[in-house]
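Listed here are the chains, written in short residue letters.
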Amino acid sequence: MIAEVPTVAIEHVYAWDNTSVIVDEVLAHRIGLVPLNVNPSLVESREGPDAQPTDRNTIVFKLDVICERKPNAPKGSTNPDELYINHELLSSHLTWEPAGEQTEVFAGRPPGPINPNIVLAKLRPGQAVNMELHAVKGVGKDHAKFSPVATASYRLLPHIIIKKPIPPNLAENFQKCFSPGVIKIDPRTKEVSVDEHNVRKDSVSREVLRHPEFADSVELSRVRDFFLFNVESEGPYEPERLLPEAVKVMREKIATIKQAALALRGAGDGDVSMADG
Amino acid sequence: MAEVPPKIKVLHGASPDLSAATYQIYDESHTIGNSLRWMLMKNPKVEFCGYSNPHPSENVINVRIQMYDNLSSLDALIKALDDLDNLCNTVEDAYLESLREEKFERWDEKR
């Protein structure tokens, strides 16, 4: 998910004018990192460095901002909001330039930044930025800006085994050793048990092992084949679509390897001439 | 641009009947390497299987497979790839199924 599920991000920046205090390459890098709301399945990837940009594989944005003084600014004010027009270059200043069939393809959701309030540069009167930006499809292993997720991690399901009954007077102390909801206490008999549905909430702090009174009564482990994934989308994909997309990438990889392996079996046929060299 | 290397090649040191061979898979990493090794080890006919990424800046993995009874390791590799594909399919179907049945918790980010 982090490295191989594709998304669309700004890759080429053509600077016609940049008199801001941020130099071209740094500003270009900042612009590249802006997450875009483009559905990656609507865009083809541009193969190779020599491929021509077309309306199928490139989305063009323009950035044209000039900072000026406000005519009736209150005297003595130090607030840039009151003094200047466009004193910040924001991600909302990116304007999409539809080309070819893009007007129809992206009719539902016009391409633009997911968050309109990202400050890309600060400007002062007389400074201007005029750029053309080309967004293409790429994968996270090429550059982190193409990664569709903010975080994607997995852990194993915690497994708590109570080996000896916990004395009723210590039940609440025992419960406090785990995350809230993990340990149930029977209100009548004060009997302690693990809430099977909420075990996943446990932070695995292993706090219980610090208490000598519980030393032999509990065993902490993990379920080896139960994975809990935590995925946070950057925006281009709905979070629930990320896992199917990752599976799709995986299956494509398997298909290419299998094809190559079958070709190898067809070509080799008994002798291993491939092993020369 | 340089010529694209073949996706899979048999490295030397392979036995003539391919019952033991090292395959070099181009443009793959631990993602495929580890899951393929795991799937190959599930096959009771596989005597040994291991993989490595010889150097992090080399975009290849080496998968070593040794078989019992002089069986072909290439067949085992293809079988493992099929099984892995089925596994992906099963996971995806189960996921989409529980998504359809709305078997999930909703959680809204606090603003």
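Labelled according to an unreviewed UniProt entry, chain B appears under the name DNA-directed RNA polymerases I and III subunit RPAC2, originating from Candolleomyces aberdarensis. Per UniProt, chain B has the following entry under Subcellular location (unreviewed entry): "Nucleus".

An unreviewed UniProt entry lists chain A under the name DNA-directed RNA polymerases I and III subunit RPAC1, with Candolleomyces aberdarensis as the source organism. Recorded in UniProt for chain A, the comment headed Subcellular location (unreviewed entry) runs: "Nucleus". Under the UniProt heading Sequence similarities (unreviewed entry), the note attached to chain A is "Belongs to the archaeal Rpo3/eukaryotic RPB3 RNA polymerase subunit family."

On to the overall build of chain B. Scanning chain B for helices and strands turns up 2 helices and 4 strands. Listing each helix as α and each strand as β along chain B from the N terminus yields β-β-α-β-β-α. For chain B, the C-alpha radius of gyration of 19 Å lies well beyond 13 Å, the compact-globule estimate for 111 residues. By its C-alpha atoms, chain B is 60 × 40 × 20 Å across when sized along the principal axes.

With that out of the way, let us pick up the domain arrangement of chain A. Its domain assignment divides chain A into domain 1 (7-148) and domain 2 (151-230). With centres defined by C-alpha atoms, the gap from domain 1 of chain A to domain 2 of chain A works out at 49 Å.

Residues and elements named next belong to chain B. Within the open sheet, the 4 strands sit side by side as β1-β2-β4-β3. Their pairing is antiparallel. With partners counted over all chains shown, the strands left at the sheet margins are β1 (8-10) and β3 (46-52), one partner each. Ignoring strand direction, the axes of neighbouring strands in this sheet form an average angle of 20°. Sheet analysis places β1 next to strand β2 (residues 20-26), joined by 3 bridges and oriented antiparallel. Within β2, the residue paired with I8 across the bridge is I25. Against the sheet, helix α1 (residues 30-41) makes contact with β2, β3 and β4 (60-67), and its axis sits at roughly 170° relative to β3, the strand it touches most.

Another point: the sheet that holds strand β6 (residues 95-97) of chain A. All names here are of chain A. What the 4 strands build is an open sheet, ordered β1-β8-β2-β6; its pairing is antiparallel. Of all the strands in the sheet, just β1 (7-18) and β6 have a single pairing partner and so form its edges. The mean angle between the axes of side-by-side strands here comes to 30°, regardless of whether they run parallel or antiparallel. In terms of strand pairing, β1 meets strand β8 (residues 128-138) through 10 bridges, oriented antiparallel. Bridge assignment links I10 to a residue of β8, and that residue is A135. Set on the sheet, helix α1 (residues 24-32) makes contact with β1, β2 (59-66) and β8; between it and β1 the angle comes to about 150°.

All right, on to the confidence of the model for chain A then. Of the residues in chain A, 96% have a pLDDT of 70 or more, and the chain-wide mean is 86. Across residues 270-277 of chain A, confidence stays below pLDDT 50; counting only partners more than four residues off in sequence or on other chains, it has 10 contacts.

Counting 32 residues, the largest nonpolar core has I8(B), Y23(B), L36(B), L40(B), I65(B), L74(B) and L77(B) as its most contacted members. Residue assignment for this core shows that the elements contributing at least two residues are α5 (239-268) of chain A together with β1, β2, α1, β3, β4 and α2 (73-100) of chain B. Considering each element in turn, this core owes the most residues, 8 residues, to α2(B). Setting aside its immediate chain neighbours within four residues, I8(B) contacts I257(A), A260(A), A261(A), L264(A), Y23(B), Q24(B), I25(B) and L77(B). Ranked by size, the runner-up nonpolar core spans 27 residues in total, among them L27(A), V43(A), L83(A) and M131(A).

As a further point, take a nonpolar patch on the surface. Residues and elements named next belong to chain A. A surface patch of nonpolar side chains, about 370 Å² in accessible area, is lined by Y154, F227 and F229. In this fold, F227 is placed in strand β12 (residues 218-233). We classify F227 as partly exposed; its relative accessible area is 44%.

A few words on the side chain of S217(A). Residue and element names in this part refer to chain A. Along the chain, S217 turns up in the loop between β11 (192-194) and β12. A residue is classified by how much of its surface remains accessible, and S217, at 6% relative accessible area, is buried. In this structure the side chain of S217 is engaged in a polar contact, spanning 3.0 Å, whose partner is the backbone oxygen of F214. Those residues in contact with S217 that sit more than four places away from it in its chain are I161, I162, K163, K164 and I166.

Three or more residues of α1(A) are buried, namely L27(A), I31(A) and G32(A). All buried residues of α1(A) lie within an arc of 140° about the axis, which places them on one face of the element.

Turning our attention to α1(B). An α-helix turns once every 3.6 residues. As a result, residues three or four positions apart point the same way. Taking 1.5 Å of rise per residue, 12 residues should cover 16 Å, and α1(B) covers 16 Å from first to last C-alpha, within 8% of that figure. Listed in full, the buried residues belonging to α1(B) are I32(B), G33(B), S35(B), L36(B), M39(B) and L40(B).

This brings us to the packing of α1(B) against α2(B). All names here are of chain B. α2 packs onto α1 with a crossing angle of 110° between their chain directions and a minimal axis gap of 9 Å. Here α1 is positioned roughly perpendicular relative to α2, judged by the angle of their axes. Seen from α1, the contacting residues are S35, L36, W38, M39 and L40; seen from α2, they are A76, L77, A80, L81, D83, L84 and L87. Residue composition of the contact of α1 with α2, grouped by class: 10 nonpolar, 1 polar and 1 charged.

Calculation notes
Residues numbered from 1 in each chain as written. Chains lettered and ligands numbered in written order. Predicted model: local features only at pLDDT ≥ 70, side-chain atom pairs only at ≥ 80, totals over all residues. Heavy atoms only, no water. UniProt positions renumbered as here; feature names shortened; annotations may be inferred. Helix = DSSP H or I, 4+ residues; strand = E, 2+ residues; numbered from the N terminus. Rg over C-alpha atoms; globule rule 2.2 N^0.38 Å. Domains from an automatic or database assignment. Pairing = 2+ DSSP bridges. Axes fitted to C-alpha atoms, helices over the stretch in contact; angles between N-to-C directions. Contact = heavy atoms within 4.5 Å. pLDDT = per-residue confidence, 0-100. Core = buried A, V, L, I, M, F, W, Y, C linked by side-chain atoms within 4.5 Å. Buried < 20%, exposed > 50% of the residue type's maximum accessible area, 1.4 Å probe, protein only. Patch = residues over 30% accessible without salt bridge, like charges linked within 9 Å, V, L, I, M, F, W, Y side chains within 5 Å. Areas by Shrake-Rupley, 256 points an atom, 1.4 Å probe, with all protein chains shown as cover. Salt bridge = Lys/Arg side-chain N within 4 Å of Asp/Glu carboxyl O. Polar contact = N/O pair within 3.5 Å; in protein donor to acceptor, adjacent residues only side chain to side chain. Arc of directions from axis to C-beta. Expected span 1.5 Å × (residues − 1). Parallel < 35°, antiparallel > 145°, perpendicular 65-115°, else oblique. Nonpolar A, V, L, I, M, F, W, Y, C, P; charged D, E, K, R; others polar.

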